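# Structural features, examined
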Amino acid sequence: MGSTDSKLNFRKAVIQLTTKTQPVEATDDGFWDQFWADTTTTVQDVFALVPAAEIRAVREESPSNLATLCYKAVEKLVQGAESGCPTEREKQVILNCTRILTRILPYIFEDQDWRGFFWSTVPGAGRAGTDELDDDDGARPLAESLLLAIADLLFCPDFTVHSHKRGPDSVESMQSIDSCEYIWESGVGFAQSPPLNYIHDLNRTELLRLLLTCFSEAMYLPPSPDNNVLNPWVTFFCSTENRHALPLFTSLLNVVCAYDPVGYGIPYNHLLFADYREQLVEQAVQILIVTLEHDAGVHHPIASPSNMEEQESAGPENLFVNYLSRIHREEDFDFVLKGLARLLTNPLTQTYLPNSTKKIQFHQELLVLFWKLCDFNKKFLFFVLKSSDVLDILVPILYYLNDARADQSRVGLMHIGVFILLLLSGERNFGVRLNKPYSIHVPMDIPVFTGTHADLLIVVFHKIITTGHQRLQPLFDCLLTIVVNVSPYLKSLSMVAANKLLHLLEAFSTSWFLFSAAQNHHLVFFLLEAFNNIIQYQFDGNCNLVYAIIRKRNVFHQLANQPSDPASIQKALQRKKKSPDVISRTSSQETVSMEGSHPAVPAEPGTLKTSLVAMPGIEKLTEKSQVSEDGTMVSVPTADSQNTVHSDQSAAAGTSDTESNSGRDNEDVFYTEAEMERRRLSTASATSFWAPTPEWVLSWKCKLPLQTIMRLLQVLVPQVEKICIDKGLTDESEILKFLQHGTLVGLLPVPHPILIRKYQANAGTAMWFRTYMWGVVYLRNVDPPIWYDTDVRLFEIQRM
């Protein structure tokens, strides 16, 4: 039968389904088989031939027919999983049912009354035709039968995996198959690399797409601060009920980490061959990020036979999370890290040899996967930081941050990049690694400099703060926290980076900026803390920074003498009205950007973006740890506020723009961005708008940690001035040489303990990740557009 006929027949069946007001019996195979038996349709055909309006009409007007269609399609998958689809026709039936279910499921999820349908025991019960299912399966909810069938089909010889048959007569029984011998790709825990077979890749991709659609019920529930709502589809699929959980987790992880978009090592190869593996890799990484979610940020103890029993009582364990947390062999870590670094770097290498390799688009999913690896497997995190391989992750992240800084549709990407760096910066080794010279020179829209990876990080952060869009302001705290966390370990900043840090201090310490929001002074505290760390712990190699501080000494004197009387406050706020720009960009001497780089650009009009929930403030995102003499970290109790930035100003540090307590109490309420914007505008006009007072200014001004810098200026400025007069110098290099050999031993105050703010998971961040991750999955699945125009509730879809 030709493909056109087959499309016509399929369409005819769909029309019959929508026009039949009477229920069609489940036993009427003649009717139901039209949907899958003799048709060869692609998934795109199914989406075109089954319009949304018709699915909704059947759902409202003849619900029993929609129920039977779902039930019959699942039944076909269950039968295929049992028989192993030995014939081509059976394989085609399986693919057709897979496509139909992928099309229909979102419309089941968007209707609250239907959401429990798949979890009720066989909806066909009481109708004829149910006795075909075994007794023990008869009591299974439809969702469970569907998920187990998909799992079986993903390891079906000659359909999704290579057959291991010895001779033409031997049969591989689906029931007795050991799927651990059929893992899709070598890597973690599996040494053989099966030959590539694009038909298998395509079939796996179709089944994974259906699986992702099953998991997407999460998109139809509004964000809630109660993060204990587990996704029942994920919970069941990743439980011991699924006998393929381990081989499937391994297959997904290995397929992603082994993928090489360079067309198997041959440049331009991808232009000759369609890369079916890429689609599989995209679906695989999306399945991984949405399944690797555990309840409420509670870390499960790592399973061992002794505590297996207790875990049973703690509710079903997510085996994917368990397996991920138990990877421990160095060669496995190396395989995963090298694979992720290779894929994250791929869009950067495009620039040297345009089109030589395929440019992958799934870097956001890779960043979420990297995040989850570090979060669930601390041994992996330490492995990453043990060598300079961490820089192969850092450089692409800085590239993405810099590239996305002007594009409001990519604000989620900015957040995930910054969170990863915040997580890494809580470990001493990260700061140490940053001292490695930076020589790769990926074309980036930043000033040219010679220096280390620390210089690169500072230059990119400066660029984000001074030339990013307004929506990034909530990230400034995070960016500067990262700088503070690494500062005690930075051996030698370049002149470019030193000037950038001082330019930030200059911008953040203008009166109008300090007085225009309740938390702005925190940014000054962070920068001063970073300077103090470098002066106290790394004075010797940092003559560039010391010189920059001396040149800009008036900024520190102005800060120390910040007027706090009402008249000065008013005057500063008047000045703000004249120049509403967040940060002056003029006083930073912008140098020429790197050759071959493209400027960061705003989103194209019409770009779709998904909204995100508000992120908790930095004080909720991190907990303070002190580094003791031997380098170990001791957590600092929050009540101890001697040397904290946020002391005594709990009201001022609130996340709400008003100082009223009502704003503090519902800090954990999740608002969409649109709602936050409305609240911001209404508070701006309301009389309750926060206003700076002399008491407020004095409350933090007296805590500015300026002693170390003032002492340094007191000692060095006269000496530098003397050199200039004696030698008639205007030449920097002589002064730098002097500063390089100078010492302040015994002249500075006793070094303060190093304070690190380590990232800590909480319900707020867990919810943020869930909305971000599903937003990415929604936007990336456009062919076919699985969820487009359905009533998604987890986020809003906005057009730029």
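The subject of this paragraph is the overall build of the protein chain. Of the regular secondary structure elements, the protein chain holds 35 helices and five strands. Within the protein chain, buried positions represent 56% of all 800 residues. Long-range contacts, defined here as pairs at least 24 residues apart, represent 80% of the contacts in the protein chain between residues at least 6 apart. Counting every atom, the protein chain has about 33200 Å² of accessible surface; 55% of that belongs to carbon and sulfur.

Summed over the entire model, instances satisfying the criterion amount to 32 salt bridges. We note a salt bridge from Arg99 to Glu206, for which the minimum N-O separation is 2.7 Å. Here Glu206 lies in helix H9 (residues 198–215) and Arg99 lies in helix H6 (residues 88–109), a separation of 107 residues in the sequence. Accessibility expressed as a relative area gives 7% for Arg99, which makes it buried. A salt bridge links Glu331 to Arg329; the nearest nitrogen and oxygen atoms lie 3.3 Å apart. The class of Arg329 is partly exposed, set by a relative accessible area of 36%. It is possible to trace a salt-bridge network through shared partners that takes in Arg56, Arg59, Glu60, Glu110 and Asp111.

Now for the packing of helix H5 (residues 63–83) against H6. Orientation of H5 relative to H6, taken along the N-to-C sense of each, is 140°, at an axis distance of 9 Å. Taken as axis vectors, H5 and H6 run oblique relative to one another. Considering the relative orientation of H5 and H6, their crossing is left-handed. Counting all contacts with H5, which are made through Leu66, Leu69, Cys70, Ala73, Val74, Lys76, Leu77, Gly80 and Ser83, the residues of H6 involved are Glu90, Val93, Ile94, Cys97, Thr98, Ile100, Leu101, Ile104 and Ile108. When the residues that make up the contact of H5 with H6 are grouped by side-chain class, the tally is 13 nonpolar, three polar and two charged.

For the coordinates displayed, the defined rule picks out 37 aromatic pairs. Each ring, one from Phe476 and one from Phe508, has its centre 6.2 Å from the other, and the planes form 45°; the classification is tilted. One end of the pair, Phe476, is in helix H22 (residues 476–486); the other, Phe508, is in helix H23 (residues 495–508), and 32 residues separate them in sequence. Exposure class is identical for Phe476 and Phe508. Each is buried. Taken together, the ring pairs connect Phe109, Trp114, Phe117, Phe118, Trp119, Tyr220 and Trp233 into an aromatic cluster.

This part covers the nonpolar core. In terms of nonpolar packing, the biggest core is built from 252 residues, with Phe35, Phe118, Phe215 and Trp774 touching the most fellow members. Phe215 has contacts with Leu147, Asn231, Trp233, Val234, Phe237, Ile287, Val290, Thr291 and Trp774, leaving out every residue within four places of it along the chain.

This paragraph deals with unusual backbone geometry. For the bond running from Asp783 to Pro784, omega is 0°, close enough to zero to count as cis. Turning to its location among the elements, Pro784 is positioned in the loop between helix H35 (763–780) and strand E5 (797–799). Its identity is not glycine, yet Cys85 carries a phi of approximately 45°, on the positive side. With respect to the element layout, Cys85 can be found in the loop between H5 and H6. On the accessibility criterion, Cys85 (1% relative accessible area) is buried.

Let's shift gears to the environment of Ser611. Its place among the elements puts Ser611 in the loop between strand E1 (608–610) and helix H29 (618–621). On a C-alpha basis, the gap between Ser611 and Glu796 in space is 5.2 Å, while along the polypeptide they are 185 residues apart.

In this section: the packing of helix H26 (residues 543–551) against helix H34 (residues 732–741). Interaxial distance between H26 and H34 falls to 9 Å at its minimum, and their mutual angle equals 115°. As for the relative orientation of H26 and H34, their crossing is right-handed in sense. Residues Cys543, Asn544, Val546, Tyr547, Ile550 and Arg551 of H26 form the contact with H34, whose participating residues are Glu732, Ile735, Leu736, Leu739 and Gln740. Across the contact of H26 with H34, the residue classes break down as seven nonpolar, two polar and two charged.

Sheet architecture is open: three strands sit in the order E3-E2-E4, paired in antiparallel fashion. Lying at the two open borders of the sheet, with one neighbouring strand each, are strand E3 (633–635) and strand E4 (754–759). Recorded for the sheet is a direction-independent mean angle of 40° between the axes of neighbouring strands. One ladder, built from three bridges, connects strand E2 (residues 622–627) with E3; its direction is antiparallel. Considered in E3, the bridge of Val627 is made with Met633.

Bringing the confidence of the model for the protein chain into the picture now. Parts of the prediction with low pLDDT should not have their coordinates interpreted in detail. Averaged over all residues, the pLDDT of the protein chain is 84; the fraction at 70 or higher stands at 82%. Contacts of residues 296–314 to residues separated by more than four positions or lying in other chains number 20 contacts, the stretch itself having pLDDT below 50. Note on residues 584–589: pLDDT is under 50 here. Beyond four places in sequence and across chains, it has 10 contacts.

Reading the values: the criteria
Residues numbered from 1 in each chain as written. Predicted model: local features only at pLDDT ≥ 70, side-chain atom pairs only at ≥ 80, totals over all residues. Heavy atoms only, no water. Helix = DSSP H or I, 4+ residues; strand = E, 2+ residues; numbered from the N terminus. Buried < 20%, exposed > 50% of the residue type's maximum accessible area, 1.4 Å probe, protein only. Contact = heavy atoms within 4.5 Å. Areas by Shrake-Rupley, 256 points an atom, 1.4 Å probe, with all protein chains shown as cover. Salt bridge = Lys/Arg side-chain N within 4 Å of Asp/Glu carboxyl O. Axes fitted to C-alpha atoms, helices over the stretch in contact; angles between N-to-C directions. Parallel < 35°, antiparallel > 145°, perpendicular 65-115°, else oblique. Left-handed = near helix turned anticlockwise from the far one by under 90°. Nonpolar A, V, L, I, M, F, W, Y, C, P; charged D, E, K, R; others polar. Phe/Tyr/Trp six-rings, centres within 6.5 Å; stacked < 30°, edge-to-face > 60°. Core = buried A, V, L, I, M, F, W, Y, C linked by side-chain atoms within 4.5 Å. Pairing = 2+ DSSP bridges. pLDDT = per-residue confidence, 0-100.

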